[in-house]
Amino acid sequence: MSVVRLGGVLKELRIHLCQTGKQSAGVRDFIQKSYVNIKKENPNFPILIRECSGIQPRIWARYEKGVERSAPLTNMTAEDVLNTIKQLAK
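Quick look at the structure, then. Every value quoted in this text rests on a predicted model; they were computed, and no experiment measured them. (Residues numbered from 1 in each chain as written. Predicted model: local features only at pLDDT ≥ 70, side-chain atom pairs only at ≥ 80, totals over all residues. Heavy atoms only, no water.)

1. Focus on the overall build of the chain
Now for step 1: When helices and strands are tallied, the chain shows two helices and four strands.
Now for step 2: Its helices and strands in sequence order give the chain the pattern β-α-β-β-β-α, from N to C terminus.
Now for step 3: Taking 12 Å as the expected radius of gyration for a compact globule of 90 residues, we find that the chain reaches 12 Å, a close match to that expectation.
Now for step 4: Across its three principal directions, the C-alpha atoms of the chain cover 35 × 30 × 20 Å.
Now for step 5: Here the chain, with 90 residues, has 34% of them falling under the buried criterion.
Now for step 6: Approximately 5,200 Å² of the chain is accessible, and the part contributed by carbon and sulfur atoms is 51%.
Now for step 7: Computing the positive centroid from 15 side-chain charges and the negative centroid from 8, the chain places the two 2 Å apart. (Helix = DSSP H or I, 4+ residues; strand = E, 2+ residues; numbered from the N terminus. Rg over C-alpha atoms; globule rule 2.2 N^0.38 Å. Buried < 20%, exposed > 50% of the residue type's maximum accessible area, 1.4 Å probe, protein only. Areas by Shrake-Rupley, 256 points an atom, 1.4 Å probe, with all protein chains shown as cover. Lys, Arg positive; Asp, Glu negative; His and termini not counted. Charge placed at Lys NZ, Arg CZ, Asp CG, Glu CD.)

2. Some thoughts on the nonpolar core
Now for step 1: Leu6, Leu13, Ile15, Phe30, Ile59 and Ile85 are the most contacted members of the largest nonpolar core, which totals 21 residues.
Now for step 2: For this core, the elements supplying multiple residues, two or more each, are β1 (10-17), α1 (25-41), β3 (58-63) and α2 (78-89).
Now for step 3: When residues of this core are assigned to their parent elements, the largest contribution, five residues, is made by α2.
Now for step 4: Each residue touching Phe30, except ones within four places of it in the same chain, is listed here: Ile15, Tyr35, Ile38, Ala78, Val81, Leu82 and Ile85. (Core = buried A, V, L, I, M, F, W, Y, C linked by side-chain atoms within 4.5 Å. Contact = heavy atoms within 4.5 Å.)

3. Re α1
Now for step 1: Taking 1.5 Å of rise per residue, 17 residues should cover 24 Å, and α1 covers 24 Å from first to last C-alpha, within 8% of that figure.
Now for step 2: Maximal helix bending in α1 amounts to about 55°, located at Ser34.
Now for step 3: For α1, the full list of buried residues reads Gly26, Val27, Phe30, Ser34 and Ile38.
Now for step 4: Taken together, the buried residues of α1 touch β1, β2 (47-51) and α2. (Expected span 1.5 Å × (residues − 1). Bend = angle between axes of the 7 residues up to and from the residue.)

4. Considerations on the pairing of β3
Now for step 1: Of the two faces of β3, only the one carrying Ile59, Ala61 and Tyr63 is buried; Arg58, Trp60 and Arg62 on the other face are not.
Now for step 2: Summarising the sheet, β1 and β3 pair through six bridges and their orientation is antiparallel. Note on β3: the bridge partner recorded for Glu12 is Arg62.
Now for step 3: As defined by bridge partners, β3 adjoins strand β4 (residues 68-72) across five bridges and the pair is classed as antiparallel. If you follow Trp60 over to β4, its bridge partner there is Ser70.
Now for step 4: Here β3 hands over to β4 after four residues, with Lys65 in that stretch at a positive phi of 60°. (Pairing = 2+ DSSP bridges.)

Here it is, written out as structure tokens:
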């Protein structure tokens, strides 16, 4: 897995997913495979995981001055989720 550095203008990530839904399977896989390593690389960076039954998975990125961007994670693989985070971190 490649190193993911979070910070700079990016202030927070929030990942919303369903605990059981098929559309969130890749997000759950990402959390199991990659979350711990990303958190170790960025120990002081807030990454919030929010589970809610029946929702479509989505990631929210908060930047300086309260600017937010989001991206859908529906039916993505764990690799796709990681690539989405890398895009939002640029």
